[in-house]
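Structural characterization, general
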Amino acid sequence: HWGSSTGIQAAASNSSNQLYVGMSGSSNGSSSRARVLRTNTSMGIYDERGFYYNNKSISVKDLCIDSSGNIIVVGKGDDHPWPGGGGVDTDMGFVIKFNSSLTEQWQKVIGGSSATQINGCSVDSSDNIYVVGADVTGGNGSVVAKINSSGTLQWQRKITANDFRGGTFDCINDSSDNLYVIGKAATGQYGWINKWNSSGTFQWGRTWKTSTTSEEQDFTRIKLDSNENLVISGSHYDGERTAMLMKLPNDGSLTGTHGIFTYAVSTPSVGTPTMDFGNGPYTFATPSTSFDNLSLTSYNPNFNTPTVVDID
């Protein structure tokens, strides 16, 4: 920990079983910086890198690792300069690429003239980077963008109408570089899944909801198993919050009724947003192994055995 508040937001391991961890700190002077830690294989802290901008709050949301071991970190920064200019400072999404030694390669911010945040990232077989998030410029919408390995924006898409308007939380690429995106609708509070090809063409959309409008379905993370089925974690809320784990085929099949849930086809209108994309404002601290007042403490909690309910 450091400062008055510390949160681990993302983690990923490389082919050498080193773990990279993305962390956010409290907004109080130098402690407002975000950090990326690298462990050795025995889980000792190896080194770390902090980045900051004018003591503004910086929230790391996700990180991923490409085939060369580079680290991609994404998130949101408060009151950042809009790359479109005009003197506008607003919440901006950021994308930063580090090499495996945590030396920065490039930094970018993306967003409109109103608040934007990037919540998830993934890489394809050519180390192109895909980022997903939300932007409220011109109406709250779900955002998907592709950036090449050199930091050049390839395309961006935005959905501003239900069923897929709202928050976009995570994404994953399959072996053919198709992109699967999960999120939550702003109106209706249900979960959804989109599939895009690598050129930014929408392939299919699905919603996951119950017949009770007051209930909520939250999708938080998506992975692929060895057969490239979609494995999605999240929760169902009906007055109490219940953990939810789903395994679905990646072709969008098995629509229909599953217990209390309906898995249904939905095709949105997709637009090309006018979000600007430009160089980021961050200062990178000198790599450190001393961590200021950062400390790491071992703790072994006791876990109760959970109750598992199979709804399908």
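Residues numbered from 1 in each chain as written. Predicted model: local features only at pLDDT ≥ 70, side-chain atom pairs only at ≥ 80, totals over all residues. Heavy atoms only, no water.

Points about the overall build of the chain
Cut-off, in case you're wondering: A run of H or I in DSSP counts as a helix once it spans at least four residues, and a run of E counts as a strand once it spans at least two, with each numbered from the N terminus. Here the globule rule is a power law, 2.2 Å times the number of residues to the power 0.38, and the radius of gyration is based on C-alpha atoms. Remark: exposure states derive from per-residue accessible area (1.4 Å probe, protein chains only) relative to the maximum for the residue type, with buried under 20%, exposed over 50%, and partly exposed in between. Per-residue and other accessible areas follow the Shrake-Rupley method at a 1.4 Å probe size, with only the shown protein chains counted as cover for residues. As used throughout, the charge tally considers Lys and Arg to be positive and Asp and Glu to be negative, leaving His and the chain termini uncounted. In plain terms, the charge of a residue is placed at NZ if it is Lys, CZ if Arg, CG if Asp and CD if Glu.
Of the regular secondary structure elements, the chain holds zero helices and 23 strands. The globule rule puts the C-alpha radius of gyration for 312 residues at 20 Å, and the 19 Å found for the chain is close to it. Considered along the principal axes of its C-alpha atoms, the chain spans approximately 55 × 55 × 35 Å. The burial tally for the chain puts 52% of its 312 residues in the buried class. Taken as a whole, the chain presents about 13,900 Å² of accessible surface, with 44% of it coming from carbon and sulfur. With 21 positive and 28 negative side-chain charges, the chain shows a spacing of 4 Å between the two charge centroids.

Looking at the pattern of salt bridges
Selection criterion: Salt bridges are identified by distance alone: a Lys or Arg side-chain nitrogen within 4 Å of an Asp or Glu carboxyl oxygen.
The final tally for this structure, using the stated rule, is 12 salt bridges. In this structure, the salt-bridge partner of Asp-91 is Lys-76, at a minimum N-O distance of 3.8 Å. Here the residue Asp-91 occupies a position in strand E7 (residues 89–98), and Lys-76 occupies one in strand E6 (residues 71–81), the gap between them amounting to 15 residues. For the pair Asp-91 and Lys-76, a shared accessibility class is recorded, and that class is buried. What emerges from the salt-bridge pattern is a single network uniting Lys-184, Glu-216, Asp-218 and Arg-241.

Digging into the sheet that holds strand E21 (residues 261–265)
How we decide: Two strands are said to pair when DSSP picks up at least two bridges between them. Axis angles are defined between N-to-C directions and span 0 to 180 degrees, where every axis is a line fitted to C-alpha atoms and, for a helix, only to the segment in contact.
Spatial ordering of the open sheet is given by E13-E14-E15-E16-E21-E20, a layout of six strands whose pairing is antiparallel. Every interior strand has two partners, whereas the edge strands, strand E13 (166–173) and strand E20 (256–258), have only one. The average undirected angle you get between the axes of adjacent strands in this sheet is 20 degrees. One ladder, built from six bridges, connects strand E14 (residues 179–185) with strand E15 (residues 191–196); its direction is antiparallel. Considered in E15, the bridge of Leu-179 is made with Trp-196.

Thoughts on the nonpolar core
Quick reminder of the rule: The nonpolar core is taken to be a set of buried Ala, Val, Leu, Ile, Met, Phe, Trp, Tyr and Cys residues, with the residues joined through side-chain atoms within 4.5 Å. Whether two residues touch is decided by their heavy atoms; if any such pair falls within 4.5 Å, the residues are in contact.
Counting residues in each nonpolar core, the largest one holds 21 residues, and the members touching the most others are Phe-51, Val-73, Phe-94, Phe-98 and Tyr-282. Elements with a minimum of two residues in this core: strand E1 (6–13), strand E3 (34–39), strand E5 (58–65), E6 and E7. Look past the residues within four positions of Tyr-282 in its chain and what remains in contact with it is Phe-51, Tyr-52, Tyr-53, Ile-58, Gly-77, His-80, Phe-94, Ile-96 and Gln-107.

With respect to the side chain of Thr-90
Selection criterion: Each polar contact in these results corresponds to two N or O atoms within 3.5 Å; when the atoms are within protein, one needs to be able to donate a hydrogen and the other to accept it, and residues that are neighboring in sequence are counted only if both atoms are side-chain atoms.
Inspection of the secondary structure assignment puts Thr-90 in strand E7. Of the residues examined, Thr-90 reaches a relative accessible area of 10% and is grouped as buried. At a separation of 3.4 Å, a polar atom in the side chain of Thr-90 contacts the main-chain amide nitrogen of Ala-115. If we ignore the near neighbours within four places in the chain, the residues touching Thr-90 are Gly-77, Asp-78, Asp-79, His-80, Gly-112, Ser-113, Ser-114 and Ala-115.

Points about the pairing of E5
In terms of residue burial, E5 counts as a mostly covered element, since six of its eight residues are buried. With seven bridges joining them, E5 and E6 adopt antiparallel strand pairing. Within the sheet, the bridge partner assigned to Asp-62 lies in E6 and is Val-74. Taking the residues that link successive antiparallel strands as the turn, the E5-E6 hairpin has five residues, and the phi of Gly-69 there is positive, at about 85 degrees.

A word on the packing of aromatic side chains
Rules: In this scheme Phe, Tyr and Trp rings, the latter by its six-membered ring, pair at centre separations within 6.5 Å, and the angle between planes marks the pair as stacked below 30 degrees, edge-to-face above 60, and tilted otherwise.
For the structure on display, the rule yields 11 aromatic pairs. Ring geometry for Trp-196 and Phe-202: centres 5.3 Å apart, planes at 90 degrees, overall edge-to-face. Each member of the pair Trp-196 and Phe-202 is classed as buried. With a centroid separation of 4.9 Å and 25 degrees between ring planes, the pair formed by Trp-208 and Phe-261 is classed as stacked. With Trp-208 in strand E16 (residues 202–209) and Phe-261 in strand E21, this pair connects stretches of sequence that are 53 residues apart. One aromatic cluster is present, built from ring pairs that chain together Phe-51, Phe-94, Phe-98, Tyr-282 and Phe-284.

Observations regarding the side chain of Thr-137
Tracing the sequence through the fold places Thr-137 in the loop between strand E10 (129–135) and strand E11 (141–147). A polar side-chain atom of Thr-137 sits 3.3 Å from the main-chain amide nitrogen of Ser-113. Discounting residues that sit within four places of it in the chain, Thr-137 has contacts with Gly-112, Ser-113, Ser-114 and Lys-158.

A few points about the sheet that holds E5
Reading across the sheet, the five strands line up as E5-E6-E7-E8-E22 and stay open at both edges, with antiparallel pairing between neighbours. A strand with exactly one partner marks an edge of an open sheet, and here the two such strands are E5 and strand E22 (276–279). When the angles between neighbouring strand axes are averaged without regard to direction, this sheet yields 25 degrees. The pairing of E6 with E7 spans nine bridges and is classified as antiparallel. When the sheet's bridge partners are listed, Gly-75 is paired in E7 with Phe-94.

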